[in-house]
Amino acid sequence: MAADPRFHATAGPLPLAQLAQAAGIEVPEGLGDRRFSGVATLHAAGPDDISFLDARRWLPGLRETRAGAVVLAAENAHAVPQGTIALISPAPVLAFARMATLLHPPEAANGARHPTAVVGEGAQIGEGCEIGPYAVIEAGAVLGARCIVGPHAHIGRNCVFGAECRIFSHVTVTHCIAGDRVTLNPGCRIGSEGFGFATTSRGEHVTVPQLGRVILGDGVEVGANACIDRGSGNDTVVGPGTRLDNLAMLGHNVQTGRGCIIVAQAGIAGSTTLGNYVVMAAQAGMSGHLKIGDGARIGAQAGVMADVPPGMDVLGSPAIPVREAMRSFAAIRKLGQSKAANRAAEEKTSD
Amino acid sequence: MAADPRFHATAGPLPLAQLAQAAGIEVPEGLGDRRFSGVATLHAAGPDDISFLDARRWLPGLRETRAGAVVLAAENAHAVPQGTIALISPAPVLAFARMATLLHPPEAANGARHPTAVVGEGAQIGEGCEIGPYAVIEAGAVLGARCIVGPHAHIGRNCVFGAECRIFSHVTVTHCIAGDRVTLNPGCRIGSEGFGFATTSRGEHVTVPQLGRVILGDGVEVGANACIDRGSGNDTVVGPGTRLDNLAMLGHNVQTGRGCIIVAQAGIAGSTTLGNYVVMAAQAGMSGHLKIGDGARIGAQAGVMADVPPGMDVLGSPAIPVREAMRSFAAIRKLGQSKAANRAAEEKTSD
Amino acid sequence: MAADPRFHATAGPLPLAQLAQAAGIEVPEGLGDRRFSGVATLHAAGPDDISFLDARRWLPGLRETRAGAVVLAAENAHAVPQGTIALISPAPVLAFARMATLLHPPEAANGARHPTAVVGEGAQIGEGCEIGPYAVIEAGAVLGARCIVGPHAHIGRNCVFGAECRIFSHVTVTHCIAGDRVTLNPGCRIGSEGFGFATTSRGEHVTVPQLGRVILGDGVEVGANACIDRGSGNDTVVGPGTRLDNLAMLGHNVQTGRGCIIVAQAGIAGSTTLGNYVVMAAQAGMSGHLKIGDGARIGAQAGVMADVPPGMDVLGSPAIPVREAMRSFAAIRKLGQSKAANRAAEEKTSD
């Protein structure tokens with residue numbers, strides 16, 4: 001089955017020539033007029049659907065697909081079954097994404113403001129914006145053209161958004177300046193008070209006023225229920241094109257470069273700085289005040305407690321270079337299988 | 001003290017015969033008419049309350065309880081004080097749960113729709129539903145009979161729920177088909193856009209349209225602020241009776257079997273498949289595209305990076321069989337206590 | 001730049017004498033009338049701003065600051081540049097917090113109830129409270145004087161709050177009794193149903209009714225999207241002055257003492273008890289039914305599976321005393337660098 005039409009709009013059928021052009025793919029001769037109505041997985045696709053192959057392990061599925069066309073790397077084209085068009089791309093997922101976006105375009109702002117939306121004094125709502133029921137946009141806030149503000153979203157006083165932002169339901173945004181094409185998924189919290197306090201000699205925690213902002217670059221995406229605290233004095237800055245997954249957390253004054261990827265449930269403590277294109281896998285953590293170099297990659301559940309140079313991959317808690325970590329894991333496992341370890345475990349048990 | 005009547009309804013007092021029957025317990029002769037008004041812990045219970053004992057470590061509390069009756073296993077009955085009725089069950093917590101549910105039934109839908117609820121065109125609201133203030137139910141959505149929709153809940157276009165679902169305050173649901181008796185705790189996010197993108201050679205992340213749905217089986221429960229992304233092409237599927245705790249996370253295309261347990265802050269990456277009755281303890285994580293067999297158990301904070309066969313218990317990050325992991329932990333600790341380790345630590349410090 | 005006036009109120013300029021008195025600092029002679037309008041970091045501060053130095057590593061920044069005054073420890077005063085006033089304090093961050101709070105006071109309740117707020121029968125709203133748009137306060141709830149209730153906040157039936165609480169947007173509170181000066185950041189969930197169930201022999205999970213409450217002491221602060229479940233029979237209790245960071249999680253019946261610190265994404269399983277002033281770093285976890293002594297400190301990502309005595313620092317998963325953990329980490333790393341480990345890793349790879 002292709003995308004359920006109850007939930008996903010479709011713009012098809014579209015001719016292969018148009019789709020292929022968007023994807024930078026050469027169309028096999030004479031097939032440019034063939035029309036496609038949707039996309040689907042290899043298993044679910046029918047003759048009107050385009051599918052894709054992104055890894056050799058799915059070759060068995062490719063051999064049995066009924067898809068009308070499949071995007072894939074040249075080296076896998078041999079396995080495309082008769083009756084299925086092979087669309088060759090050096091970057092099949094990217095090409096597929098371009099075609100899928102044409103066939104199933106994301107919802108655009110409908111230009112309507114629901115009568116229950118509360119819009120404060122002096123707020124500027126750009127041309128063509130869609131404002132959902134019970135949205136609250138406080139005084140002085142600015143939205144660029146064609147933004148979507150979902151039901152119950154709350155945009156705080158004087159916040160600024162560029163054009164074509166999507167602020168989904170139940171989002172809270174305060175103390176924030178955002179660029180164009182920013183996506184805030186449901187329930188994320190932008191600009192909350194950071195975790196800053198000083199403790200008296202009697203053990204009382206006294207809040208240090210959190211006087212900074214959150215700056216979101218063009219194209220930033222923030223996952224559902226993720227949290228980005230505002231800066232304490234400096235700003236918290238998320239670089240253009242950076243994406244946070246669900247339930248991720250950025251502490252006050254964190255700065256990321258361009259195009260970073262922060263996967264689900266990962267967290268970064270206050271004032272740590274990431275270069276460009278850093279990847280942080282799920283459930284990883286970073287201490288505060290660190291410097292992570294361009295292109296560094298942090299493994300899942302890693303605990304980063306020291307600076308990471310550009311391009312280095314780290315893993316483990318505390319995190320160490322990934323090659324060392326893999327060796328340590330193997331050594332530990334070996335240790336756990338040895339007689340000595342068994343003895344130690346038994347002694348432990350009999351304590 | 002028993003349950004605070006400001007927060008918990010009571011249906012009592014009820015006769016012991018009725019309570020015991022619901023719990024599959026035999027009532028000691030002549031006591032069936034004795035009436036109970038509530039449940040409480042061993043320490044807090046009075047003569048009108050029923051309590052329970054689920055572990056031998058609470059035997060001291062049992063000896064001093066003032067509870068009118070205590071549900072417990074036969075082997076612990078010897079410690080029940082005079083004046084307290086021993087209710088013998090091979091599954092005391094389960095029996096207690098049945099009786100507590102009779103005495104303190106969960107709130108049922110009151111059949112009222114708050115005038116501020118926004119219900120879209122063509123939405124079907126089943127008989128007896130309760131719709132809270134500022135709830136938003138979009139066009140085409142379907143709710144079965146006797147559902148509760150809390151304040152500010154947002155049910156997206158064309159979503160379908162069966163009967164007797166509870167959708168608590170601030171929930172967001174989109175792209176979702178759900179069965180009967182589904183519980184969505186406050187602030188959980190169902191159906192958000194998954195974390196799917198392809199990256200250009202210039203480092204730009206391009207969204208792969210997420211064109212699947214979320215399918216929730218009968219009796220599924222989702223914790224507060226937990227997140228379940230919709231599928232990217234296939235669906236994300238949560239099997240009947242599966243329960244997710246607070247702040248848990250399921251990525252796109254994850255599929256769970258029947259009766260799985262995903263404890264707080266655990267996360268599963270895209271396209272991983274769980275069999276039936278898998279237990280995943282708190283803060284554990286799983287990589288994508290794995291297969292976890294029926295009845296496997298994943299320890300707290302474990303990092304599962306490979307398939308797990310049915311019935312296997314794993315622990316550690318990366319996760320290994322629990323017995324090996326326990327031996328490794330003991331060996332590591334021993335290592336940390338050895339002279340060599342001390343020397344290594346000192347060298348490290350003097351770097 | 002000092003605090004952005006679009007987002008942060010200012011009460012300045014204020015004379016140094018007044019600021020210093022609040023901070024317990026002695027003013028250098030003749031400078032009491034000098035007025036300051038804001039606070040800023042060493043780098044951003046100008047002549048009208050007060051800044052601070054809390055660690056020797058920022059000394060280079062101090063030497064180049066243009067701040068009008070800097071709060072710092074006596075031993076660092078030598079590096080204060082000409083034209084900048086040195087304000088000496090044994091606790092510079094605390095002193096700075098006191099002055100910053102005077103110059104940039106937190107927003108006070110404005111006494112207005114938005115016409116869209118839904119307030120249930122018999123609810124008592126204290127003098128001077130501010131109730132935001134679309135807030136829902138159910139029947140019988142009680143708010144003390146000068147509370148702020150943000151947009152879309154949901155306060156459940158019969159909940160009680162003391163004076164000067166801040167309940168930010170999208171918060172859900174049910175089954176809760178709270179003291180004075182409690183802060184609930186956006187999207188946190190207080191009082192949800194705990195994760196309590198018993199499983200039948202056929203694998204069906206049956207809910208154990210969760211009949212307790214949440215008790216929040218004076219001055220408790222809860223982070224954005226954090227979750228505190230209500231007790232199952234006993235109450236969940238958060239001691240006075242305890243602070244939870246974003247996305248933290250307390251299971252049912254957890255009890256904390258006074259002044260505990262629970263950092264982001266940390267989680268505590270059911271019925272564990274913390275003494276006073278326990279610190280739990282980010283992403284750490286605790287099993288259920290443990291006792292953690294006064295002043296214990298739990299490292300980031302630690303997995304606490306046993307009681308921790310008062311004053312002990314632990315680290316690692318499973319957590320062990322920090323000194324042993326550091327040695328184990330060093331030993332493991334050494335192991336990973338040894339030839340034997342390399343061999344083990346290679347064998348592993350060639351499986």
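- By the naming in an unreviewed UniProt entry, chain A is UDP-3-O-acylglucosamine N-acyltransferase, taken from Muricoccus roseus.
- Quoted verbatim from the Catalytic activity (unreviewed entry) field of the UniProt record, the comment on chain A reads "a UDP-3-O-[(3R)-3-hydroxyacyl]-alpha-D-glucosamine + a (3R)-hydroxyacyl-[ACP] = a UDP-2-N,3-O-bis[(3R)-3-hydroxyacyl]-alpha-D-glucosamine + holo-[ACP] + H(+)".
- Quoted verbatim from the Pathway (unreviewed entry) heading of the UniProt record, the comment on chain A is "Bacterial outer membrane biogenesis; LPS lipid A biosynthesis."

### Side note on the environment of isoleucine 155 of chain C
Residues and elements named next belong to chain C.
Logical step 1: Tracing the sequence through the fold places isoleucine 155 in strand 13 (residues 154–155).
Logical step 2: Relative accessible area serves as the criterion here: at 1%, isoleucine 155 is assigned to the buried category.
Logical step 3: Each C-alpha atom of the pair isoleucine 155 and valine 119 lies 9.5 Å from the other, and the pair is 36 residues apart in sequence.
Logical step 4: Once residues lying within four places of it in the same chain are set aside, the contact partners of isoleucine 155 are Val136, Ile137, Glu138, Ala141, Leu143, Val149, Phe161, Ile167 and Val173.

### Overview of the relation of the copies chain B and chain C
Logical step 1: For the pair chain B and chain C, the best superposition has an RMSD of 0.0 Å and corresponds to a rotation of 120 degrees with a translation of 0.0 Å parallel to the axis. Expressed as a symmetry operation, the mapping of one chain copy onto the other fits a three-fold axis.

### Re unusual backbone geometry
Logical step 1: Across the junction of glycine 12 of chain A and proline 13 of chain A, the peptide omega takes the value -5 degrees, indicating a cis bond.
Logical step 2: By the element assignment, proline 13 of chain A lies in the segment before strand 1 (14–15).
Logical step 3: Positioned with a positive phi, histidine 170 of chain A is a non-glycine residue whose angle comes to about 65 degrees.
Logical step 4: Position of histidine 170 of chain A relative to the elements: it lies in the loop between strand 15 (166–167) and strand 16 (172–173).
Logical step 5: A relative accessible area of 0% places histidine 170 of chain A in the buried class.
Logical step 6: Residues other than glycine seldom take positive phi values, yet asparagine 158 of chain C does so here, at roughly 65 degrees.
Logical step 7: With respect to the helices, strands and loops of the structure, asparagine 158 of chain C is situated in the loop between strand 13 and strand 14 (160–161).

### Some words on the environment of asparagine 185 of chain B
Logical step 1: Relative to the assigned elements, asparagine 185 of chain B resides in the loop between strand 18 (183–184) and strand 19 (189–192).
Logical step 2: Judged by its relative accessible area of 7%, asparagine 185 of chain B is buried.

### Details of the sheet that holds strand 6 (residues 85–88) of chain B
All names here are of chain B.
Logical step 1: On the basis of which strands lie adjacent, the open sheet formed by four strands has the order 3-4-5-6 and parallel pairing. The sheet terminates laterally at strand 3 (38–39) and strand 6, the two strands that pair on one side only.
Logical step 2: The pairing of strand 3 with strand 4 (residues 49–52) spans two bridges and is classified as parallel. By the bridge assignment for strand 4, glycine 38 is matched with aspartate 49.
Logical step 3: Across the sheet, helix 3 (residues 92–103) lies against strand 3, strand 4, strand 5 (69–72) and strand 6, angled at about 155 degrees from strand 4, the strand it touches most.

### Here we look at the pattern of salt bridges
Side chains bearing opposite charge may pair, as long as their charged atoms lie close to each other.
Logical step 1: Enumeration over the complete set of coordinates arrives at 30 salt bridges over all chains.
Logical step 2: Among the ionic pairs, arginine 297 of chain A bridges to aspartate 313 of chain A, the shortest N-O distance being 2.6 Å. Within this pair, whereas arginine 297 of chain A is found in strand 34 (residues 297–298), its partner aspartate 313 of chain A is found in strand 36 (residues 313–315), the two being separated by 16 residues in sequence.
Logical step 3: Between glutamate 193 of chain C and arginine 166 of chain B there is a salt bridge, with the nearest N and O atoms lying 3.3 Å from each other. With glutamate 193 of chain C in the loop between strand 19 (189–192) and strand 20 (197–199) and arginine 166 of chain B in strand 15 (residues 166–167), this pair bridges two chains.
Logical step 4: Under the relative-accessibility criterion, arginine 166 of chain B is labelled buried at 16%.
Logical step 5: Among the ionic contacts, a cluster of salt bridges with common partners joins Asp4 and Arg6 of chain A together with Arg213 and Asp235 of chain B.

### Thoughts on the interface of chain B and chain C
Accessible area lost upon the coming together of the parts is a frequently used measure of interface size.
Logical step 1: Counting from both sides, the interface comprises 62 residues of chain B and, opposite them, 74 residues of chain C.
Logical step 2: Where chain B touches chain C, the interface holds four salt bridges.
Logical step 3: Counting across the interface, chain B meets chain C through 32 residue pairs in polar contact (both at pLDDT 80 or more).
Logical step 4: Of all the elements in the fold, those that place two or more residues in the side of chain B that touches chain C are helix 3, strand 26 (243–244), strand 28 (261–262), helix 4 (322–337) and helix 5 (339–349) of chain B.
Logical step 5: When residues in the side of chain B that touches chain C are grouped by element, the largest group, seven residues, is from helix 3 of chain B.
Logical step 6: Here the residues of the side of chain B that touches chain C sort into 29 nonpolar, 20 polar and 13 charged.

How each quantity is defined
- Each residue is numbered by its place in its chain's sequence as written, counting from 1.
- Here every chain gets a letter starting at A, and every ligand a number starting at 1, in the order they are written.
- The predicted origin of the model limits local features to residues at a pLDDT of at least 70 and limits the giving and counting of side-chain atom pairs to 80 or more, whereas totals for whole chains, interfaces and linings rest on all residues.
- Based on all heavy atoms of the structure, the side-chain values leave hydrogens and waters out of the count.
- UniProt positions are given in the numbering used here, feature names are shortened, and annotations may be inferred rather than shown by experiment.
- Only DSSP runs of H or I with at least four residues qualify as helices, and only runs of E with at least two residues qualify as strands; both kinds are numbered from the N terminus onward.
- Relative accessibility thresholds used throughout: buried, under 20% of the residue-type maximum; exposed, over 50%; partly exposed, between the two (1.4 Å probe, protein chains only).
- Here, two residues are considered to be in contact whenever any of their heavy atoms come within 4.5 Å of each other.
- Here the copies were fitted onto each other by least squares, based on C-alpha atoms from residues at pLDDT of at least 70 in both.
- Any two strands between which DSSP finds at least two bridges are classified as paired.
- Axis definition: a line fitted to C-alpha atoms, limited for helices to the stretch in contact. Angles are taken between N-to-C directions and run from 0 to 180 degrees.
- In what follows, salt bridge is the name for a side-chain nitrogen of Lys or Arg lying within 4 Å of a carboxyl oxygen of Asp or Glu.
- Within 3.5 Å is the distance limit for a polar contact, defined as a pair of N or O atoms, with the added protein rule that one can donate a hydrogen and the other accept it, and that residues adjacent in sequence qualify only through two side-chain atoms.
- Three categories are distinguished: nonpolar for Ala, Val, Leu, Ile, Met, Phe, Trp, Tyr, Cys and Pro, charged for Asp, Glu, Lys and Arg, and polar for the others, with Gly belonging to the last.

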